[in-house]
Amino acid sequence: MNGKTINILLVEDDLAHAEIVKRNFADFRIANDLQHVADGQAALDYLNRQGCYSHLEGTPLPRLVLLDLRIPKVSGLEVLRRIKEVPQLRNIAVIVLTTSNQDADITRAYELGANSYLTKPIGFADFCAMLKALGYYWLTWNHYAA
Amino acid sequence: MRHTGISINPFDIFFATPKGHDPVLLATLDRYLDAWRKQENSFYYTSYHQWRSPSEPTTLKRIPDWVWKALTGVLAVTVFAILWIVVLRRQVRTATADLLRREQRLQIIVDLAQKETESTAELLDYALNQAVDLTESRFGYIYLYTEETRLFTLNSWSKEVMPACSITEKSTIYELDKTGLWGEVVRQRQPIIVNDFPAEHPLKKGYPEGHAPLTRFMSIPLFSGKRIVAVAGLANKAAPYDRTDILQLTLLLEGIWRLVERTEITNELRRKNAEMERFLYAASHDLKTPLVTIKNFLGFLTIDLQAGDHNRVIESTGYIARAADRMTLLLDELLVYARIGHLEEQVDEMCAGDLPRQALVELQDDFRRRNVGAVVTNLDITLQGNRRRLAEIWKNLLKNAVNHLGNQPAPLIEVGQVTIEGETRFYVRDNGIGIDARYHQKIFGLFERLEANAPGAGLGLALVKQVVEHYAGRIWVESAGDGQGSCFWFTLPKAVVNKTYGEKR
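Residues numbered from 1 in each chain as written. Chains lettered and ligands numbered in written order. Predicted model: local features only at pLDDT ≥ 70, side-chain atom pairs only at ≥ 80, totals over all residues. Heavy atoms only, no water.

A. Summary view of the interface of chain A and chain B. Each side of the interface is counted separately: chain A has 30 residues, and chain B has 30 residues. Across the chain A to chain B interface the summed buried area is about 2700 Å²; carbon plus sulfur atoms make up 57%. At the junction of chain A and chain B, the tally comes to 4 salt bridges. Between Glu315 of chain B and Arg23 of chain A there is a salt bridge, with the nearest N and O atoms lying 3.3 Å from each other. Where chain A touches chain B, the interface holds 12 residue pairs in polar contact (both at pLDDT 80 or more). Of all the secondary-structure elements, those providing two or more residues to the side of chain A that touches chain B are helix H1 (15–26) and helix H5 (124–141) of chain A. With 7 residues, H1 of chain A is the single largest residue contributor to the side of chain A that touches chain B. Within the side of chain A that touches chain B, the residues separate by chemical class into 11 nonpolar, 10 polar and 9 charged. (Contact = heavy atoms within 4.5 Å. Buried area = accessible area lost by both parts, 1.4 Å probe. Salt bridge = Lys/Arg side-chain N within 4 Å of Asp/Glu carboxyl O. Polar contact = N/O pair within 3.5 Å; in protein donor to acceptor, adjacent residues only side chain to side chain. Helix = DSSP H or I, 4+ residues; strand = E, 2+ residues; numbered from the N terminus. Nonpolar A, V, L, I, M, F, W, Y, C, P; charged D, E, K, R; others polar.)

Next comes the structure, spelled out in structure tokens:
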């Protein structure tokens, strides 16, 4: 355990799914560190501290991005590509969290530098178990680049 | 002989001696002669009488008849043999030329079959240039023809026509009823040949100023089954056009057309497959999303009920209800989308303006709620196609417009048509939130939405695009960006009939 709070960016267009993630992460008592955006362009603006997020200039960037693939404006894969090509953003862990389990998407995501690929389970118990495991691994044990 | 000017008496014989010499010998010879003249069986007597007798002047045969007959026979055989050889040589020459042309034609088709081309236009373009060479013409054209709309669409002009032709803006679409001589192949449904083009012709309407001058001209209709699908024309061969040229062009184009049809079917299949894949991908994601929500909030609901957390129970049921609504919407839109591709190709004729007017009636509640002004202007062109399918275009564009008005205080949606460069373009314009240039392409994709909580399933514009492309049209959007309103433009070449609705053709 590194004891630090970890900023998370959740990129998810479906408000209900975002709520599911927030509720599960609330049990970790770190929900305060979770920022939610609903489309690809907003995600890029947030990470690059531009547009309506320019006031965040200088504040710490998220360490972890939970990224849905089918999102409005800029697709998830494109967001991933742009994160991984920018030196300041490259070290952010990007976890794809989507309903697609297509081989093409999985392969492409890893090619673009995704750190993990998870599909949303339909069942409540599975989704909770997965989010908890994700929380333990990425929020408790994983070390991030400084 | 006796009719000639010179009289010859070959059998009067006289003897002579030098004067005073041998009178005895002379007398003896005369005596013998005299005796021969009287003696009936002497050679002299018979010969003399034969020649002098007027009753039978030609009893003596100079050349026998059989010689004449034989000669005539030989002569006849010789003449016949020469004629036969000439004819045979001509036949061999024609047959050789025919075989060569057939081989050339086959070669062209084989070449084309091996060519990996995806465009019909390219195939026909190639065929045209080959036909020009094959018939030794100077130039030619191929127009595609649609029997339903009675319209010609230019596919290609051979390369030589351009330098001779100073028409810069050549029309690409012609109506059958406005064509002159070259439309005759469709009206008569058979090939035509005009070998003295400059002469007066009752069907000729004259070609436009600057058109390449024509000397000879031929044209054929190209049939697919009983329908005319294209017309091809060739012009300015040095020698007159004849049946062979018609045969050449017909056989070549029929061969090519089979390839064209095959290519089109392959392309269509490829397109459908790709579309199906995209559709399945998008549908599986978008249908799964509400399902995940429903199952998970049912889980939360159980926990909330056990904990007696009343507020969370209401919150959870709200998420479940919205997800179920969204699922219903998705399924409804998916059904419309899937069905529209498989509508029968019935042909209704309608006024374009009726379709948005009908959609406005269907959407009147939405329009009234937002107090939207709607204007349908100058939309009176005739459309031919499936009415239900065409109606989806305006219905979805209007629904899209009314859903994206933002907080515009005086919302206005305009619908109309303009003709630019002979092409009829339709538009649906609003003064709503507008669309950033970055998303002008993306919005037409399946299940694409620009706002996470926008109403609709994101199928409307994809459906419009599908219908527009079904009628060989294109769709695009013009918008200066956020808050600047949007204008959706589209064309429907295969549905537009170039006349005002109700007007006689």
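B. Just the packing of aromatic side chains, in detail. Scanning all chains against the criterion turns up 15 aromatic pairs over all chains. On the numbers, 5.0 Å between centres and 75 degrees between planes, the contact of Phe124 of chain A with Phe300 of chain B is edge-to-face. Here Phe124 of chain A is found in helix H5, whereas its partner Phe300 of chain B is found in helix H7 (residues 243–307) on a different chain. With a relative accessible area of 18%, Phe124 of chain A lands in the buried category. (Phe/Tyr/Trp six-rings, centres within 6.5 Å; stacked < 30°, edge-to-face > 60°. Buried < 20%, exposed > 50% of the residue type's maximum accessible area, 1.4 Å probe, protein only.)

C. Fine view of the pattern of salt bridges. Residues and elements named next belong to chain B. Scanning the entire structure with this criterion turns up 29 salt bridges over all chains. The shortest N-O distance in the salt bridge between Arg357 and Asp354 comes to 3.5 Å. A residue pair is termed a helical-turn pair when its members lie 3 or 4 positions apart in one helix, as Arg357 and Asp354 do in helix H9 (residues 354–362) at 3 residues. Residue classification places Arg357 among the partly exposed positions, given a relative accessible area of 39%. A relative accessible area of 28% means that Asp354 is categorised as partly exposed. A salt bridge links Asp366 to Arg369; the shortest N-O distance between them is 3.4 Å.

D. Representation of the packing of H1 of chain A against helix H8 (residues 310–340) of chain B within the structure. H8 of chain B packs onto H1 of chain A with a crossing angle of 140 degrees between their chain directions and a minimal axis gap of 10 Å. Classified by the angle their axes make, H1 of chain A and H8 of chain B are oblique. Relative to H8 of chain B, the crossing made by H1 of chain A is left-handed. Contacts between H1 of chain A and H8 of chain B pair Leu15, Ala16, Glu19 and Arg23 of chain A from the former with Arg312, Glu315, Ser316 and Tyr319 of chain B from the latter. Within the contact of H1 of chain A with H8 of chain B, the residues separate by chemical class into 3 nonpolar, 1 polar and 4 charged. (Axes fitted to C-alpha atoms, helices over the stretch in contact; angles between N-to-C directions. Parallel < 35°, antiparallel > 145°, perpendicular 65-115°, else oblique. Left-handed = near helix turned anticlockwise from the far one by under 90°.)

These figures capture arrangement, not role.
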